[in-house]
Amino acid sequence: MEAKNRLHKGLLMALLGLLGVILLVPVFLVALDSDVPPEALAKEKAIQNENQDIRVKVYLTESKKVVQLPLEEYIYGVVAAEMPADFHKEALKAQALAARTYIVDRLERKDYSDLSKWGKEAKKAHVTDTVNHQAFKTDDMLKKEWKARYETFRNSIREAVKETEGQIITYRGKPIYAAFFSTSNGYTENSEEYFKHKYPYLRSVSSPWDRMSPKYIHRHTLSWDEFVSRLEKKTGQAVSLPASTGTRLIRVTGRTEGKRIAKIRIGDQTFTGREIREALGLASTDFDVEVRGDQLQITTRGYGHGVGMSQWGANLMAKQGKKVDEIIRHYYQGVKIEPFSPDQVK
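Procedures and definitions
Residues numbered from 1 in each chain as written. Predicted model: local features only at pLDDT ≥ 70, side-chain atom pairs only at ≥ 80, totals over all residues. Heavy atoms only, no water. Buried < 20%, exposed > 50% of the residue type's maximum accessible area, 1.4 Å probe, protein only. Helix = DSSP H or I, 4+ residues; strand = E, 2+ residues; numbered from the N terminus. Pairing = 2+ DSSP bridges. Salt bridge = Lys/Arg side-chain N within 4 Å of Asp/Glu carboxyl O. Axes fitted to C-alpha atoms, helices over the stretch in contact; angles between N-to-C directions. Phe/Tyr/Trp six-rings, centres within 6.5 Å; stacked < 30°, edge-to-face > 60°. Lys NZ or Arg CZ within 6 Å of the ring centre and 35° of its normal.

(A) The pairing of strand β12 (residues 295–301), seen in detail. Burial analysis of β12 places six of its seven residues in the buried class, the great majority of the element. Both strand β7 (residues 217–223) and β12 contribute to a ladder of seven bridges, which runs antiparallel. Note on β12: the bridge partner recorded for Ser-223 is Gln-295. As defined by bridge partners, strand β11 (residues 287–292) adjoins β12 across six bridges and the pair is classed as antiparallel. When the sheet's bridge partners are listed, Val-291 is paired in β12 with Leu-296. The hairpin formed by β11 and β12 contains two residues between the paired strands, and Gly-293 there has a positive phi angle of roughly 70°.

(B) Local environment of the pattern of salt bridges. Going through the model one piece at a time under the given rule, you end up with 20 salt bridges. As a salt-bridge pair, Glu-121 and Lys-124 come within 3.1 Å of each other at their nearest N and O atoms. Glu-145 is the salt-bridge partner of Lys-137, the closest N and O atoms lying 2.5 Å from each other. A relative accessible area of 24% places Lys-137 in the partly exposed class. When its relative accessible area of 41% is taken as the criterion, Glu-145 is described as partly exposed. Three or more residues joined by partner-sharing salt bridges are found here, namely Lys-89, Glu-90, Lys-93, Glu-159 and Glu-163.

(C) How the structure looks around the sheet that holds β11. Taken in spatial order, the three strands line up as β7-β12-β11 in an open sheet, and their pairing is antiparallel. Here the strands that pair on one side only, and so sit at the sheet edges, are β7 and β11. Mean inter-strand twist for the sheet, computed between neighbouring axes without regard to direction, equals 20°.

(D) Structural detail: the packing of aromatic side chains. In this structure the tally under the stated criterion is ten aromatic pairs. Judged by centre distance (4.8 Å) and plane angle (75°), the rings of Phe-87 and Trp-312 are edge-to-face. Taken together, the residues Phe-87 in the loop between α3 (71–82) and α4 (89–109) and Trp-312 in helix α9 (residues 311–319) connect sequence positions 225 residues apart. Trp-312 shares its class with Phe-87; the two are buried. Relative to Tyr-150, the ring of Trp-146 lies with its centre 6.2 Å away and its plane at 35°, an arrangement referred to as tilted. Neither residue differs from the other here; Trp-146 and Tyr-150 are each classed as buried. What links up through ring pairs into an aromatic cluster is the set Tyr-171, Tyr-177, Tyr-194, Phe-195, Tyr-199 and Tyr-201. Positioned above the aromatic ring of Tyr-303 is the side chain of Lys-215, whose terminal nitrogen or guanidinium carbon lies 4.9 Å from the ring centre. Its guanidinium or amino end placed over the ring of Tyr-187, Lys-259 lies 5.3 Å from that ring's centre, counting from NZ or CZ.

(E) Seen up close, unusual backbone geometry. Phi at Lys-110 is positive, roughly 55°, even though this residue is not glycine. Note that Lys-110 resides in the loop between α4 and β3 (127–128).

Dropping the structure here:
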């Protein structure tokens, strides 16, 4: 009987040993096939595990409450809200990197003073779900929006988030201001030509793919009275128009490196392209104005401020075979994609 028990015990140990070998073989094969040293892989895995402990507090402006989410769950909600879910996965990955870079930088700086304008409850949060920070949607919101396509879109975005997990975009070791917008006019804009600050990585680059975007061209028609009224209300500058029909009433006096309007003369006043865009609610600062009697037809090229990554450009680059790192390094000059340390935000 004892001999029989020893035999059974020996067989059991042998089976357990064989099972252990079977489980370990893929690990060794991955390690052998990878250029990354095993210790580096272990460190990256440890960082990812720590990242799962990071929580982001989001103020939902419609329900007026704060929800707390794991970092990567928050990134999923941002990508779903900021970029069309049917975009190519490499573009979705680029958006995930931009979203994670933004929140890591914000958590690292720990300056949430801008939340006060949303009220007392918002002060408990890190960000809102608005474009003042990053647009964000909960999974329940996405179920209602996507309906029958929910599973397909959810899986696509979750894959993009997972494949970039723990990574951000840096310039000289620091998270960048990862600005992005919908569609360019064929070029992106230098940051200081639209925003206040000059960033060395936010330089004007060509983006010819955007001409294929459905948001590339927009047209608006306004009366002279409405045009002047909205402009005066927004800028506080009174516009005087000469009576002579022979005088050019609208004249572009300067353009940016990104081929957008820098300065434009209207009657006796000069405005920036951004002032005109914001006063009239235009899609872009690259526009033409055609006078047709007492009507103005305005044609814009592109959609958004034009600084940083073009979302449609990223999608169309991806469809041509470009990978996420190529997309990121095209729109953000001189940057790196690298893991961030959880210690930065804790």
